[in-house]
Amino acid sequence: MRIDVVTIFPEIFPGPLGVGVIGRAQQHGLLELVVWDLRTFTRDRHRSVDGLPYGGGAGMVMMPEPFVRAVEAIRACAPDSAPRVVLTSPQGEMLTQARARALAAAPHLVVLCGRYEGVDDRVADLLGAEEISIGDYVLTGGELAAMVVVEVVARLVPGAVGAVASVAEDSFSAGLLDFPQYTRPAEFRGHAVPQVLLSGHHEEIRRWRKREALRRTLLRRPEMIDAAVLDEEARALLAELRGETA
Ligand code: 4HQ
């Protein structure tokens with residue numbers, strides 16, 4: 001998979017994308033991350049990327065031409081890949097694991113990073129860009145959001161994460177939060193690891209984990225329970241848990 005990022009701050013990349021699973025995916029040739037300086041695609045002496053908002057108001061708006069020329073240059077570099085173009089924005093559709101899976105199915109993505117009050121709206125129209133938000137809060141720029149998009153998409157590229165099971169078993173793949181995890185020591189500052197996990201009874205452990213994943217999801221993210229597809233065992237465990245709290 002290839003991902004191009006367009007930004008006025010190319011020096012902040014690869015940052016966290018250069019280490020760990022995502023760094024290794026690049027070393028192994030599974031992921032190619034290409035970062036472009038938006039100012040390369042300006043044509044005035046001052047390399048301007050922003051202008052005053054039409055209609056007035058505070059702050060500056062990013063001009064359309066540098067972004068459009070950047071994507072044209074990227075398309076010219078990879079003429080057969082028809083990249084999907086993503087614009088990180090609080091006005092976008094929320095990034096979810098399902099949306100990340102859909103993006104990971106594309107062989108080529110371009111992620112555009114806005115700054116200031118945002119990007120001239122014609123950029124999304126002209127480039128057929130999908131606006132994506134990483135959450136309901138306000139960042140200073142789109143770069144951190146772009147890094148989040150790259151991170152969640154890149155770890156879904158086949159081979160990027162060593163153990164296939166650890167992707168399949170992630171929270172959200174199952175539609176539930178993860179069960180609690182513990183490691184050594186068995187007792188720490190008076191807090192013991194749940195006895196069942198030390199018992200070696202694989203079937204009991206499996207059921208306990210399923211119950212605790214359901215318990216956490218019910219308490220912390222009840223709306224996820226409503227959306228989850230639960231098997232008969234999960235429905236029975238859930239009924240028990242609801243009885244406990246009732
Ligand atoms: N911004 N999810 C404003 C975000 C954001 C978000 C990025 C701030 C774009 C212009 N992006 N700039 N939340 O807050 O994606």
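Each remark here, short or long, concerns the structure printed above.
What you see as residue numbers is a count from 1 along each chain, following the sequence as written. pLDDT decides what is reported in this predicted model: residues at 70 or higher carry local features, side-chain atom pairs at 80 or more are listed and counted, and totals for whole chains, interfaces and linings draw on all residues regardless. By convention in this description, side-chain values take in all heavy atoms of the structure and omit both hydrogens and water.

Attention shifts here to the nonpolar core. Throughout, nonpolar core names a set of buried Ala, Val, Leu, Ile, Met, Phe, Trp, Tyr and Cys residues whose side chains join them through atoms within 4.5 Å. Note on exposure labels: buried denotes an accessible area under 20% of the residue type's maximum, exposed denotes more than 50%, and partly exposed covers the range between, all computed with a 1.4 Å probe on protein chains only. Counting 30 residues, the largest nonpolar core has Ile3 and Val153 as the members making the most contacts within it. The numbering of helices and of strands both runs from the N terminus, where a helix is a DSSP run of H or I of at least 4 residues and a strand a run of E of at least 2. In terms of residue count, the dominant contributor to this core is helix H5 (residues 143–154) (7 residues). Leave out the neighbours within four places in its chain, and Ile3 touches Leu31, Glu32, Leu33, Val34, Leu109, Val111 and Val150. Among the nonpolar cores identified, the runner-up in size contains 22 residues, and Ile8, Val49, Val71 and Val123 belong to it. By definition, residues are in contact when any of their heavy atoms lie within 4.5 Å.

By convention in these notes, a residue is near a molecule or strand provided one of its non-hydrogen atoms lies within 4 Å of it. Around the ligand, the surrounding shell holds 17 residues, and the nearest of these are Ser89, Ile134, Gly135, Tyr137 and Leu139. Whenever a nitrogen or oxygen atom comes within 3.5 Å of another N or O atom, the pair is scored as a polar contact, on the condition that within protein one atom can donate a hydrogen and the other can accept it, and that pairs from neighbouring residues in sequence are kept only if both atoms are in side chains. Between the ligand and Ser89, the relevant distance is 3.4 Å, taken from an oxygen atom to a main-chain nitrogen or oxygen of the residue. In this structure, an oxygen atom belonging to the ligand sits 2.9 Å away from a main-chain N or O atom of Leu139. Protein contacts shield 95% of the accessible area of the ligand, which totals 360 Å² for the unbound molecule. Here the shell around the ligand takes 3 residues from strand E5 (residues 84–94), the largest share from any one element. The protein chains shown are the only cover counted for residues, whose accessible areas, like all others here, come from Shrake-Rupley with a 1.4 Å probe.

Moving on to the packing of aromatic side chains. Each Phe, Tyr or Trp ring, with Trp reduced to its six-membered ring, pairs with another whose centre is within 6.5 Å; inter-plane angles below 30 degrees give stacked pairs, above 60 give edge-to-face pairs, and intermediate values give tilted ones. On inspection of all chains with the given rule, the structure shows 1 aromatic pair. Taking the centre distance of 5.9 Å and the plane angle of 50° together, the rings of Trp36 and Phe41 count as tilted. Overall, Trp36 belongs to the buried group, its relative accessible area being 19%. We classify Phe41 as buried; its relative accessible area is 8%.

Looking now at the pattern of salt bridges. Where charged atoms of side chains with opposite charge meet at close range, the side chains can pair. What makes a salt bridge here is a side-chain nitrogen of Lys or Arg within 4 Å of a carboxyl oxygen of Asp or Glu, nothing more. One pass over the full model with this rule turns up 16 salt bridges. Here Arg43 and Glu65 are joined by a salt bridge, their closest N and O atoms 2.7 Å apart. Of this pair, Arg43 sits in the loop between strand E2 (32–37) and strand E3 (50–51) while Glu65 sits in helix H2 (residues 64–77), and the two are 22 residues apart along the sequence. In this structure Glu65 comes out as partly exposed when scored by relative accessible area, which is 37%. In this structure, Glu233 and Lys210 form a salt bridge, with 2.8 Å as the shortest nitrogen-oxygen distance. Taken as a pair, Glu233 in helix H9 (residues 232–245) and Lys210 in helix H7 (residues 202–220) lie far apart in primary sequence, 23 residues in all. Here the residues in one salt-bridge network are Glu203, Arg206, Arg207, Lys210, Arg211, Asp231, Glu233 and Glu240, joined through shared partners.

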